[in-house]
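Survey of secondary and tertiary structure
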Amino acid sequence: MIPNVLSIAGSDPSGGAGIQADLKAIAANGGYAMAAITALTAQNTQGVTGVETVAPAFVAAQIDAVFDDIRVDAVKIGMIATAGIAEAVATALIRNGARNVVLDPVMVAKGGHRLLTDDTVGALRDRLLPLADIVTPNLPEAAALLDEPEAVAAAEMEAQARRLRHLGSRAALLKGGHLTGAQSPDCLADQAGEIHWLDAPRTKTRNTHGTGCTLSAALATRLAGGCDAPAAARAAKDYVSGAISAADRLEVGRGHGPVHH
Ligand code: PLP
């Protein structure tokens, strides 16, 4: 069976992040990809120049239209932008009985542009985290959700991954890409609270636009395909590592270019 995977996220017209990355990652991991759009961004590899958000009721209408007709095996949530959209997405996912929900709590684009309003962090934590099977923050996002300083070492990452579960997500995959060592380890606290470390060598490239989107979309697809959380996380991490390694084969823009699916 080919899993049907719905991404609820923002659009990146330069194709590196957001919905565009998700569609490629879902297809490459063996899923059928669908997309409900929360916001349009105007951006390229050098930065974000504008954001237009979609009315919350229309985000919900997109989600309902998909669920009304199609069996949805997994949902990936990316850029949410406003507290109103967070509320609409949460209500729609509960109404439709969504399964295998992966929440990527997108906050800031690679170039530093904030992709959500300040009150959206609380809405992500209170409304969407409790619906998530796995939440996939990077270190700054985890610190914002937990309202504590950023982890700088393995022991703190383990403790934060556990605390993210206490906020309501069944499992938490804390991404160590912002660490500075030779490895780029991610820490998974699974449904039982067991810790699994996923190691990968750090690839030297500035073309990493869309890595977070790609990881969470691949993860949702692997969960829908029947993997448990540790196996799905390992497969998604391997997929992203390959996409980062191949990024320099692309010639896309003059800034932080995309990874290659
Ligand atoms: N979603 C959208 C629409 C974006 O524009 C971005 C970054 O620019 C992201 C998500 C997050 O991107 P990344 O996967 O590089 O963290």
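Residues numbered from 1 in each chain as written. Predicted model: local features only at pLDDT ≥ 70, side-chain atom pairs only at ≥ 80, totals over all residues.

As for the overall build of the protein
Using the following cut-off: Helix numbering and strand numbering both begin at the N terminus, where a helix is a DSSP run of H or I of at least 4 residues and a strand a DSSP run of E of at least 2. Within these notes, the globule rule equals 2.2 Å times the number of residues to the 0.38 power, and the radius of gyration is based on C-alpha atoms. Think of it this way: build a C-beta for each residue from its backbone, and any pair within 7 Å is a contact.
What the protein contains, in helices and strands, is 8 helices and 9 strands. Here the C-alpha atoms of the protein give a radius of gyration of 16 Å, agreeing with the 18 Å that 2.2 N^0.38 yields for 261 residues. A sequence separation of at least 24 residues applies to 70% of the contacts in the protein between residues at least 6 apart.

A look at the packing of helix H5 (residues 139-146) against helix H6 (residues 154-166)
For any two helices packed against each other, the geometry comes down to the angle between their axes and how far apart the axes lie. The condition is simple: In this analysis, axes come from line fits to C-alpha atoms, helices being fitted only over the stretch in contact, and the angle between any two N-to-C directions falls in the range 0 to 180 degrees. If an angle is under 35 degrees, it is roughly parallel; if it is over 145, roughly antiparallel; if it lies from 65 to 115, roughly perpendicular; otherwise it is oblique. Handedness of a helix crossing follows the sense of rotation of the near helix relative to the far helix, less than a right angle counterclockwise being left-handed and clockwise being right-handed.
For the pair H5 and H6, interaxial distance at closest approach is 10 Å and the crossing angle is 50°. Taken together, the axis directions place H5 and H6 in an arrangement best described as oblique. Helix-helix and strand crossings are classified by hand; for H5 and H6 the assignment is left-handed. Across the interface between the two elements, Ala142, Leu145 and Leu146 of H5 pack against Gln160, Arg163 and Leu164 of H6.

So, the site of the ligand
For the record, the criterion: A residue counts as near a molecule or strand when its C-beta atom, positioned from the backbone, falls within 6 Å of it. In the scheme used here, Gly and all other residues not listed as nonpolar or charged are polar, with Ala, Val, Leu, Ile, Met, Phe, Trp, Tyr, Cys and Pro taken as nonpolar and Asp, Glu, Lys and Arg as charged.
The full set close to the ligand counts 18 residues, and Gly10, Ala17, Gly18, Ala109 and Gly212 are the nearest of them. Elements with a contribution of two residues or more to the shell around the ligand: strand S1 (4-11), strand S2 (32-44) and helix H7 (211-224). If you tally residues by element for the shell around the ligand, the top one is H7, at 3 residues. For the shell around the ligand, a count of residues per class yields 7 nonpolar, 9 polar and 2 charged.

So, unusual backbone geometry
Leave glycine aside and you will find that most residues have negative phi; peptide bonds, for their part, are mostly trans. The phi torsion at Asn100 lies on the positive side, around 50°, for a residue other than glycine. Structurally, Asn100 can be placed in the loop between helix H3 (83-95) and strand S5 (101-103). Positive phi values are uncommon outside glycine, yet Asp147 reaches one of about 60°. Considering the arrangement of structural elements, one finds Asp147 in the loop between H5 and H6.

Re the environment of Pro130
Basically, it comes down to this: For the exposure call, what matters is how many other C-beta atoms sit within 10 Å of a residue's own: 20 or more marks it buried, 12 or fewer exposed, and in between partly exposed, using C-beta atoms placed from the backbone.
For Pro130, the position within the fold is in the loop between helix H4 (120-128) and strand S6 (134-135). Of the residues examined, Pro130 has 14 C-beta atoms within 10 Å and is grouped as partly exposed. As a C-alpha pair, Pro130 and Arg249 span 119 residues in sequence and 39 Å in three-dimensional space.

Let's talk about the pairing of strand S8 (residues 186-189)
Our working definition: By definition, two strands form a pair when at least two bridges between them are found by DSSP.
Covered by surrounding structure in S8 are Asp186 and Leu188 together with Cys187 and Ala189, the residues of both alternating faces. Looking at chain direction, strand S7 (residues 171-175) and S8 are connected through 4 bridges and run antiparallel. Bridge pairing in S8 places Lys175 opposite Asp186. Pairing of S8 with strand S9 (residues 195-198), which is carried by 4 bridges, proceeds in the antiparallel orientation.

Overview of the UniProt feature "domain: Pyridoxamine kinase/Phosphomethylpyrimidine kinase" (unreviewed entry) in the protein
This is how it is decided: UniProt positions are given in the numbering used here, feature names are shortened, and annotations may be inferred rather than shown by experiment.
Taking the UniProt record as the reference, the feature "domain: Pyridoxamine kinase/Phosphomethylpyrimidine kinase" (unreviewed entry) is found at residues 12-260. What you have in residues 12-260 is 40% helix and 17% strand, and the ends, taken at the C-alpha atoms, are 15 Å apart.

Comments concerning H6
Since there are 3.6 residues in each turn of an α-helix, residues three or four apart along the chain are aligned in direction. Note the threshold: To estimate the expected span of a helix, count its residues, drop one, and scale the result by 1.5 Å. An arc is given here, and it is the one of the directions from the helix axis to the C-beta atoms.
Given a rise of 1.5 Å per residue, 13 residues ought to cover 18 Å, and the 19 Å separating the end C-alpha atoms of H6 matches this to within 8%. Taken as a whole, H6 has its buried residues at Met157, Gln160, Ala161, Leu164 and Arg165. All buried residues of H6 fall inside an arc of 145° around its axis, so they share one side. Residues of H6 that are exposed and angled more than 90 degrees away from the buried face: Ala155 and His166. The elements touched by buried residues of H6 are S6, H5, S7, S8 and S9. In the stretch just after H6, Gly168 is the one whose phi turns positive, near 130°.

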